[in-house]
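Residue-level structure breakdown
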Amino acid sequence: MTHPFTTRQLPFFLTAPTPCPYLPGQLERKVFTRVDPSDGPGLNDALTHAGFRRSQSILYRPACERCSACKSVRIPVAEFTFSRSQRRILKRNDDLRADIRPADATTEQFALMSRYLESRHGDGDMAGMHFLDYVGMVEDGMQRTHITEYRDASGHLAAAALVDELPDGLSLIYSFFDPDRADLSPGKFMILDHVRRARMASLAHVYLGYWVKGSAKMDYKARYSPLEVLEPAGWRRLEAGE
C-alpha cells in the first residue's frame with residue numbers, strides 16, 4: 001500500500017513501512033516518483049543530486065521515520081588516489097577490455113546476471129528475475145544510460161555495469177560479474193575503472209548510491225577515500241573513522 005502526496009510539479013508516493021534489508025530491527029520507508037521519458041534527462045540529474053536513486057523509471061530515496069543511516073555517497077574523482085591494494089585490483093583485472101554499449105538488454109547479459117544473483121544474492125529481492133524483468137531494468141531508463149561490458153581475451157562476458165551519465169559524473173546503477181572471478185574483486189574493479197573513466201572525461205564524480213553505516217552489505221563504500229556524503233545541508237566530506 002502506498003500513500004500519494006503531490007508537489008506542484010510531480011506526484012510523489014510514500015511506501016508503507018517494511019523491514020529494513022540493511023539494519024535489523026529497523027523499518028524502511030521510501031518516497032518515490034515515476035519518470036516519464038518525455039521529461040528528459042534533466043529530472044534524473046536533479047533528483048540524483050538531491051539524493052534519489054534510480055530503478056528502471058522509478059526515482060526513490062529513503063524516508064524512514066526513526067533512522068537516517070542511508071546516505072547518498074559519491075567519489076570526487078579529481079582528488080581520488082588509488083591505494084596500493086586498489087592498484088593491485090586494477091592489475092588483476094588487466095585482461096578485461098571494456099565496451100560501452102547502448103542500454104539494450106541481451107540474453108548474454110541476463111545469463112551472467114542470473115548466475116551472479118544465484119551465487120551472491122540468492123535470498124534477495126531480485127532472485128528469480130525473468131528476462132523481461134531484466135529488460136525493464138535496463139531499458140526503462142533515462143536517455144543518457146549505457147552498459148559497460150567487460151570481456152576477457154577470449155571474448156567471454158565477465159562483468160557489466162549499468163550506468164547513468166550525469167552532467168557532473170557517472171552514476172553506477174547496478175553491476176554484476178562472473179562468480180568464478182570473485183577472487184579477483186571484479187565489483188571493486190568496476191568502481192575503480194569508472195573513476196578512471198570519469199577522470200578521462202573530465203567529470204567530477206562517481207555516484208555509488210547509498211552507504212549504510214553498520215551494514216555489512218554497504219560498509220565497503222566507505223573504503224573509497226575521499227568520499228562525499230549528502231546531508232540536509234549539502235554534500236560534505238566523510239571523515240576518517242565515521
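Residues numbered from 1 in each chain as written. Predicted model: local features only at pLDDT ≥ 70, side-chain atom pairs only at ≥ 80, totals over all residues. Heavy atoms only, no water.

**Digging into the pattern of salt bridges**
Under the convention used in this document: Here, a salt bridge means any Lys or Arg side-chain nitrogen found within 4 Å of an Asp or Glu carboxyl oxygen. Put simply, DSSP H or I for four residues or longer makes a helix, DSSP E for two residues or longer makes a strand, and each gets a number counted from the N terminus. When accessible area is computed with a 1.4 Å probe and restricted to protein chains, residues below 20% of their type maximum are described as buried, those above 50% as exposed, and intermediate ones as partly exposed.
Tallying each qualifying case throughout the model produces 18 salt bridges. The closest approach of N and O atoms between D45 and R144, which form a salt bridge, is 2.5 Å. Of the two residues, D45 is situated in helix 1 (residues 41–49) and R144 in the loop between helix 4 (131–139) and strand 10 (145–151); the sequence distance between them amounts to 99 residues. Taking relative accessible area as the criterion, D45 reaches 8% and is therefore assigned buried.

**Observations concerning the packing of aromatic side chains**
Note the cut-off: In this scheme Phe, Tyr and Trp rings, the latter by its six-membered ring, pair at centre separations within 6.5 Å, and the angle between planes marks the pair as stacked below 30 degrees, edge-to-face above 60, and tilted otherwise.
Considering all chains together, one arrives at 11 aromatic pairs under this definition. Aromatic side chains Y60 and Y210 sit 6.2 Å apart centroid to centroid with 50° between the ring planes, which places their arrangement in the tilted category. Taken together, the positions of Y60 in strand 7 (residues 58–62) and Y210 in strand 13 (residues 205–212) put the pair 150 residues apart, joining distant regions of the chain. Considered together, Y60 and Y210 belong to a single accessibility category, that of buried residues. When the centroid spacing of 6.3 Å and the interplanar angle of 85° are considered together, the rings of Y134 and F176 count as edge-to-face. Taken together, the positions of Y134 in helix 4 and F176 in strand 12 (residues 169–177) put the pair 42 residues apart, joining distant regions of the chain. Take Y134: its relative accessible area is 1%, and that puts it in the buried class.

**Examining the packing of helix 2 (residues 84–92) against helix 5 (residues 186–200)**
Note the threshold: As a rule, the C-alpha atoms of each element are fitted with a line to give its axis, helices using only the stretch in contact, and angles between N-to-C directions run from 0 to 180 degrees. Just so you know how the angles are binned, under 35 degrees is roughly parallel, over 145 roughly antiparallel, 65 to 115 roughly perpendicular, and the rest oblique. Contacts are residue-level and defined by heavy atoms, with any inter-residue pair within 4.5 Å sufficient. Nonpolar residues are Ala, Val, Leu, Ile, Met, Phe, Trp, Tyr, Cys and Pro. Charged residues are Asp, Glu, Lys and Arg, and all others, Gly as well, are polar.
Running from amino to carboxyl end, helix 2 crosses helix 5 at an angle of 95°, the nearest separation of the two axes being 9 Å. With respect to their mutual orientation, helix 2 and helix 5 come out roughly perpendicular. Residues Q86, I89 and L90 of helix 2 form the contact with helix 5, whose own contacting residues are K188, F189, L192, D193 and R196. Taken together, the residues of the contact of helix 2 with helix 5 sort by class into 4 nonpolar, 1 polar and 3 charged.

**Notes on helix 3 (residues 107–120)**
To keep it simple, the criterion reads: To estimate how far a helix should extend, the number of its residues minus one is multiplied by 1.5 Å. The directions from the helix axis to the C-beta atoms are what the arc is built from.
For helix 3, which comprises 14 residues, the first-to-last C-alpha distance of 20 Å matches the rise-based estimate of 20 Å (1.5 Å per residue) to within 8%. Along helix 3, the residues that are buried comprise Q109, F110, L112, M113, Y116 and L117. On an axial view of helix 3, the arc spanned by its buried residues comes to 160°, and they lie on one face. Away from its buried face, by an angle of more than 90 degrees, helix 3 presents the exposed residues T107 and E118. Each element contacted by the buried residues of helix 3 is listed here: helix 4, strand 10, strand 11 (157–166) and strand 12.

**A look at the sheet that holds strand 14 (residues 228–231)**
Definition in use: Criterion used throughout: strands pair if DSSP finds at least two bridges between them.
Strand order in the open sheet formed by 8 strands is 9-10-11-12-13-8-14-15, with mixed pairing between adjacent strands. Only two strands of the sheet have a single partner each, and these edge strands are strand 9 (97–102) and strand 15 (234–237). Direction aside, the axes of adjacent strands within the sheet are offset by 35° on average. By the bridge criterion, 3 bridges tie strand 12 to strand 13 in an arrangement that is parallel. Following the sheet pairing, S171 is matched in strand 13 by Y207. Strands in contact with helix 1 are strand 11, strand 12, strand 13, strand 14 and strand 15; relative to strand 11, the strand with the most contacts, it is inclined by about 95°. The sheet strands contacting helix 5 are strand 8 (70–76), strand 9, strand 10, strand 11, strand 12 and strand 13, and the helix crosses strand 12 at an angle near 155°.

**Considering the confidence of the model for the chain**
So the rule is basically this: What pLDDT reports is the predictor's confidence in each residue, on a scale of 0 through 100.
Taken as a whole, the chain shows an average pLDDT of 89; of its residues, 90% reach a score of 70 or greater. Overall, residues 1–8 carries pLDDT values under 50, and its contacts beyond four positions in sequence, including any with other chains, amount to 20 contacts.

**Points about empty space enclosed by the protein**
Stated precisely, the cut-off is as follows: Two kinds of site are reported from a 1 Å grid over the protein atoms alone, namely cavities, where a 1.4 Å probe fits but cannot get out, and pockets, open sets with protein on both sides within 12 Å along at least five of seven lines, and residues are called lining when an atom falls within 4 Å of a point. Grid points are joined across faces, edges and corners, and a volume is the space filled by probe spheres set on the points.
For the structure on display, the rule yields 1 cavity of 30 Å³ or more. Of the pockets and cavities examined, the largest cavity occupies roughly 110 Å³. Top element by residues in the lining of the largest cavity is strand 13. It accounts for 4 residues.

**Observations concerning helix 2**
Residues Q86, I89 and L90 constitute the buried set of helix 2. Projected down its long axis, helix 2 carries its buried residues within an arc of 100°, all on one side. Residues of helix 2 that are exposed and point more than 90 degrees away from the buried face comprise R84 and K91.

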